[in-house]
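Inside the fold
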Amino acid sequence: MKRIPMTLNGEKKLRKELEFLKNVKRPEIIASLIEARKHGDLKENAEYQAAREEQSFLEGRIKEVERKLSNAYIVDVTQIQNSDYVTFGSTVVLQDISCEKVSSYRIVGEDEANFKENLISFCSPIARGLIGRKRKDIVKITTPRGIAIYKILEIKHISYDIENEHA
């Protein structure tokens, strides 16, 4: 299996989700199945069929999260040495050359990505175009919206305090 890089926070979130799925959602669904069985013929019981579908989805998600955790490569971004280069865990301040808009993105694992919070997956086109580059570089990135040209204004590396405030 392929190793899946993620930050400590990403691992914590997945473990928390797994605990919730196993200890809260699974018992709720089992209770729904028991209740639905009481309503008679299972072949024509919509509540029962819906609960079975929900159970199937839940068990699939549990297996997926367990697989990700078992193949996780935990990157403690607080231990990454500051460098002049964009790396996994870096926060990058960019200027869009076409409109001079300034944006900031933190490069994280796939499950941690949340564009609304400016957290982008290391697999995303923008992150792939930035990793290994340095401050003041001009980067040309093919995105789903087309080609974007950015100037890297700043590269910030995470300290222990910043990593823990998102826990």
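Residues numbered from 1 in each chain as written. Predicted model: local features only at pLDDT ≥ 70, side-chain atom pairs only at ≥ 80, totals over all residues. Heavy atoms only, no water.

Description of a nonpolar patch on the surface
Operational definition: Two joining distances apply to patches: 9 Å for like charges and 5 Å for nonpolar side chains (Val, Leu, Ile, Met, Phe, Trp, Tyr), and every residue must have over 30% relative accessible area and no salt bridge. Each accessible area is a Shrake-Rupley estimate made with a 1.4 Å probe; only the visible protein chains count as cover when residues are assessed. Here, a salt bridge means any side-chain nitrogen of Lys or Arg that lies within 4 Å of a carboxyl oxygen of Asp or Glu. In this text, helices come from DSSP runs of H or I with a minimum length of four residues, and strands from runs of E with a minimum of two, each type numbered from the N-terminal end.
Taken together, the side chains of Ile97, Ile138, Ile147 and Ile149 define a hydrophobic patch exposed on the protein surface, amounting to about 350 Å² of accessible area. Tracing the chain through its elements places Ile138 in strand β6 (residues 138–143).

A look at the sheet that holds β6
Inclusion rule: Pairing between strands is defined by DSSP: at least two bridges between the two strands are required. Lines are fitted to the C-alpha atoms to define the axes, a helix being fitted only along its stretch in contact, and any angle between axes, read from their N-to-C directions, falls within 0 to 180 degrees.
If you trace the 5 strands from one edge of the open sheet to the other, you get β5-β4-β3-β7-β6, paired in mixed fashion. Strands with a single pairing partner mark the edges of an open sheet, and in this sheet they are β5 (119–121) and β6. Averaged over all pairs of adjacent strands, the angle between strand axes in this sheet comes to 45°, irrespective of strand direction. Looking at chain direction, β6 and strand β7 (residues 146–156) are connected through 6 bridges and run antiparallel. Directly across from Thr143, in β7, lies its bridge partner Gly146.

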